[in-house]
Structures are given as structure tokens and as C-alpha cells.
Amino acid sequence: MLIVMNANATEGEIAGVVRMIESLGFRPHVMPGATRTAIGVTGNQGAVDLSHFENLPGVAEAIRVTKPYKLITLDLRPERTIVDVGGAKIGDGSLAIIAGPCAVENRKQAFAVADVVQRSGAKFFRGGAFKPRTSPYAFAGLGEEALKMLAEIRNELGLKIVSEALDEANVDLVEKYADMVQIGARNMQNFTLLRRVGRSRLPVLLKRGMAATLEEWLLAAEYVMAEGNYQVVLCERGVRTFAQHTRNTLDLAAVPAVRRISHLPVIVDAAHGTGRSYMVTPLARAGVAVGADGIMVEVHARPDEALSDGAQSLTLDEYEQMVREVRAIHKVIA
Ligand code: PEP
Ligand code: MN
């Protein structure tokens, strides 16, 4: 259920609705908007009697939600959500650029990329400390040591840090050192992990699962929001298809598809979405052209020596050129 308050509803009237929701044993989600406040209700298994709310002061409308999602939708919040990552914004109309190596390998490697990312004017630095690898023998990241290096990068260069958590214990560590927690494609339906980041103070970057439908992806975001964390950014990173010329098929139609349903920002990961470095810049340009709020790419000073995802990593020069190109496109469509 969704309760829409009158445009001039007072704080006291909103609090009265919140109390009523809680007294019924449900959870209220207050979403203030530009013109009115809406309150989402979760925790009810069946239909709620709308008459509990219709006559409360300040209530414009109580609406039964028939769609599977309640909190990610434009019905609840018609304005776009702006996600605040340690003071830097995603979804405010600017183009967010999230760049960095797939994995932090050592201090020198990470700083070499971070310097270039910072000079490019990008605000966000990505780097894996915990890596989900297909083979148990592959480099799985430096763990907390990597997170400490990332925190140094934030302190020295002012970049906001995005890093993946593979499990709940990782979330504790990522919270200690980073500005945004990434949930990877392989974990998009790890529901206990989604619930854990739903209780985090950090914003969440939620990758699309490699075989996830739009609805499954949005419901994963719903899990996070249902726990009270409304700061979620969706990331399209390609899905599995029969195509063999790419690692994944970047589903750019997901961007307008998300926009039609949800107020959450959506970005495009052109690195995992292609798997081939020569395709990354063209697909990053395309991601901006279809209206993504940001672009994620992987960057390495020596991609052929990278311990993970070198084949899809841009060199430092390629990265700088990519930034110029996506900014030029963003300027035209903004
Ligand atoms: C990554 O960002 O390095 C990563 C592992 O991404 P994904 O979960 O999209 O495969
Ligand atoms: Mn990677």
C-alpha cells in the first residue's frame, strides 16, 4: 500500500500516519518529494484495509499497490532519487564516472590509476578488495589491505571509493573504509546480503545479475530499500546471451526500461558489459547516449599484466580519451 499525503500535510499528520502503520505491525517508508510526501507500507502479507488511512488528517489518497514492487517505483516517488556518495552525487543530472582497476593489486598500481582518474575530473574510484572469481585458484583480491589502500586514495585524492562486498562480513569491512558498497552480478539474488546492505549507512551499487530479468533486478533493489536504505544505484553490466563476440551482451534498453518504472539512478558498466577493451569506449558513449546517470569502466596502467579483467581494462590514455568523449555526448543530451 501507498499513502499519498496532501501537498500541505504537516509533520504531525505524517507522524500520525506512521504511527498507524506501525500499530498495524507494518513498516512505514516516508518519501518526501518536491510536491508531496508519500509513505510506502511494507511488511503486510495480504491486502490492508484502506479505511485505516483514508480518514486520517493530511491523507490525500491510500492506494493499493498491485505491482510486485512498492518502494522502487515512480508511484511512490515521481522525482528521480539522487544518491549521495560521501558528498558526491549520482542521479542529479551530472555524469558520474566510476573508474579504477578491477582489483587492487598493490599500492603503486592503484595509485597510478587513481591519479589519472582524479585528474580526469571523475569523482568515483572503484577497486575490488574481494573478488568473485570463477576459478577458486584465481586472484581473489587483497581483502582489508586493499581497502586500506583505497581509503588512502580517498584521503589523498578526494575520490569517493566504491568496492564490492561478497558476504556479510565483507560489508562490515567495506563500511569501515569505503563510500559505497557494490553488490556484484553473482550476488544480485543473495537475499541475506541484500538485507544486510539494506541496513548499511552506505549507498549501494547494485549490479544486474547476468541472467536477471528487469523485474528480478528491481526486486533485488526493493530488498535493499525494504530494510530502510533508499540510496541505491542500479548498474547494467551485460547479460549472458548466445553472442560470442562479447563476454556479456550490454543491454542498453535496460536504461530507459528502468526509467519508466523507477526513480533510482541507473549507470552502465561498459567493461563487464563487453569484456573487450576496444568495445568499452564505444559502449560507454552509447550508455551516456541512452541516458545513463553514469558510466563504470575498468582501468589499468598495464592491462596485459592485470591480475583480473585485463582484457576489458582501458589503458590510462584510452581512459582519458573515453572521458572526453562521454562528456561531449553528455553535454549534448543533458
Ligand atoms: C567487478 O565490478 O569487477 C565485477 C566483478 O562485476 P560483476 O559483478 O558485474 O561481474
Ligand atoms: Mn572486473
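See the structure shown above.
So, a few notes on the structure that sits alongside this text.

What counts as what
- Residues numbered from 1 in each chain as written.
- Chains lettered and ligands numbered in written order.
- Predicted model: local features only at pLDDT ≥ 70, side-chain atom pairs only at ≥ 80, totals over all residues.
- Heavy atoms only, no water.
- Helix = DSSP H or I, 4+ residues; strand = E, 2+ residues; numbered from the N terminus.
- Polar contact = N/O pair within 3.5 Å; in protein donor to acceptor, adjacent residues only side chain to side chain.
- Donors = N, O, S within 2.8 Å, 3.2 Å for Na, K, Ca; no water.
- Buried < 20%, exposed > 50% of the residue type's maximum accessible area, 1.4 Å probe, protein only.
- Core = buried A, V, L, I, M, F, W, Y, C linked by side-chain atoms within 4.5 Å.
- Contact = heavy atoms within 4.5 Å.
- Salt bridge = Lys/Arg side-chain N within 4 Å of Asp/Glu carboxyl O.
- Near = heavy atom within 4 Å.
- Areas by Shrake-Rupley, 256 points an atom, 1.4 Å probe, with all protein chains shown as cover.
- Nonpolar A, V, L, I, M, F, W, Y, C, P; charged D, E, K, R; others polar.
- Axes fitted to C-alpha atoms, helices over the stretch in contact; angles between N-to-C directions.
- Parallel < 35°, antiparallel > 145°, perpendicular 65-115°, else oblique.
- Left-handed = near helix turned anticlockwise from the far one by under 90°.
- Pairing = 2+ DSSP bridges.
- Disulfide = S-S within 2.5 Å.

## As for the environment of E79
Part 1 of the reasoning: Note on placement: E79 falls in the loop between β4 (59–63) and β5 (83–85).
Part 2 of the reasoning: Along the backbone, E79 and L316 are 237 residues apart, and their C-alpha atoms lie at a distance of 37 Å.
Part 3 of the reasoning: Polar side-chain contacts of E79 include one of 3.1 Å to the backbone nitrogen of A34.

## Focus: the coordination of the manganese ion (ligand 2)
Part 1 of the reasoning: Within the protein, the manganese ion (ligand 2) binds to C102 (SG), H272 (NE2), E298 (OE) and D309 (OD); these donor distances fall in the range 2.1 to 2.4 Å.
Part 2 of the reasoning: Along the chain, the residues donating to the manganese ion (ligand 2) are arranged with the sequence spacing C-x169-H-x25-E-x10-D. Note that C102 is positioned in the loop between β7 (96–100) and α3 (107–119) and H272 in the loop between β13 (266–269) and α9 (277–289), a separation of 170 residues in sequence.
Part 3 of the reasoning: Relative accessible area serves as the criterion here: at 4%, C102 is assigned to the buried category.

## Some points on the nonpolar core
Part 1 of the reasoning: Grouped together as the largest cluster of nonpolar side chains are 75 residues, with contacts concentrated most on F125, I153, L206, L234, V297, Y319 and M322.
Part 2 of the reasoning: Here this core takes seven residues from helix α4 (residues 144–157), the largest share from any one element.
Part 3 of the reasoning: If we skip the residues at most four places from it in the chain, L206 touches I183, M188, L194, W217, A220, A221, V232, V233, L234 and C235.

## Focus: the pattern of salt bridges
Part 1 of the reasoning: Applying the stated criterion to the full structure yields 17 salt bridges.
Part 2 of the reasoning: Measuring nitrogen to oxygen at the nearest pair gives 3.6 Å for the salt bridge that ties E227 to R199. Here the residue E227 occupies a position in the loop between α7 (214–226) and β12 (232–236), and R199 occupies one in the loop between α6 (191–198) and β11 (204–207), the gap between them amounting to 28 residues.
Part 3 of the reasoning: Residue R259 is joined to D293 by a salt bridge in which the shortest nitrogen-to-oxygen separation is 3.0 Å. Taken together, the residues span a long stretch of sequence, with R259 in helix α8 (residues 254–261) and D293 in the loop between α9 and β14 (294–298) at a distance of 34 residues. Each member of the pair, R259 as well as D293, is classed as buried.
Part 4 of the reasoning: Bridged by salt links that share partners, the residues D172, E175 and R196 form one connected network.

## Some points on the site of ligand 1
Part 1 of the reasoning: In the vicinity of ligand 1 lie 13 residues, with R126, K131, A185, K207 and R237 positioned nearest.
Part 2 of the reasoning: The contact in question runs from an oxygen atom of ligand 1 to an N or O atom on the side chain of R186, over 2.9 Å.
Part 3 of the reasoning: Take E298: an N or O atom from its side chain is 3.2 Å from an oxygen atom of ligand 1.
Part 4 of the reasoning: Within the complex, the protein chains bury 98% of what would otherwise be the 290 Å² of accessible surface of ligand 1.
Part 5 of the reasoning: Tallied by class, residues from the shell around ligand 1 come to three nonpolar, three polar and seven charged.

## A few points about the packing of α7 against α8
Part 1 of the reasoning: Put simply, α7 and α8 touch, their axes get as near as 11 Å, and they point 55° apart. It follows from the interaxial angle that α7 and α8 lie oblique. Crossing angle aside, the handedness with which α7 passes α8 is right-handed. On α8, the residues touching L214, W217 and L218 of α7 are A254, A257, V258 and I261.
Part 2 of the reasoning: Looking at the contact of α7 with α8, its residues break down into seven nonpolar, no polar and no charged.

## Concerning the sheet that holds β12
Part 1 of the reasoning: An order of β7-β8-β9-β10-β11-β12-β13-β14 is seen for the eight strands of this closed barrel, with the pairing classed as parallel. Taken over all neighbouring pairs, the strand axes of this sheet differ in orientation by 25° on average, direction set aside.
Part 2 of the reasoning: In the sheet, strand β8 (residues 124–126) pairs with strand β9 (residues 160–164) via three bridges, with the strands oriented parallel. Bridge assignment links R126 to a residue of β9, and that residue is V162.
Part 3 of the reasoning: Its contacts with the sheet put α3 on β7 and β8, and the angle it makes with β8 is roughly 155°.
Part 4 of the reasoning: Along the sheet face, α7 touches β11, β12 and β13 and points at about 160° away from the line of β12.

## Some details on the side chain of D309
Part 1 of the reasoning: Within the secondary structure, D309 sits in the loop between β14 and α10 (316–333).
Part 2 of the reasoning: For D309, a relative accessible area of 19% corresponds to the buried category.
Part 3 of the reasoning: Of note is the side chain of D309, whose polar atom sits 3.0 Å from the side chain of H272.

## Here we look at the pairing of β13
Part 1 of the reasoning: Neither face of β13 is open: one carries V266 and V268, the other I267 and D269, and all of them are buried.
Part 2 of the reasoning: Relative to β13, β12 runs parallel, the two sharing three bridges. Note on β13: the bridge partner recorded for C235 is I267.
Part 3 of the reasoning: In this structure, β13 lies alongside β14, joined through three bridges in parallel fashion. Opposite V268, over in β14, you have I295 as the bridge partner.

## Quick word on the state of the cysteines
Part 1 of the reasoning: Under the criterion given, the structure shown has zero disulfides.
Part 2 of the reasoning: In this model C235 remains outside any disulfide bridge; the closest cysteine sulfur is found in C102, 13 Å from its own.
Part 3 of the reasoning: With relative accessibility at 0%, the residue C235 sits in the buried group.

These values are about where atoms sit, not about what they do.
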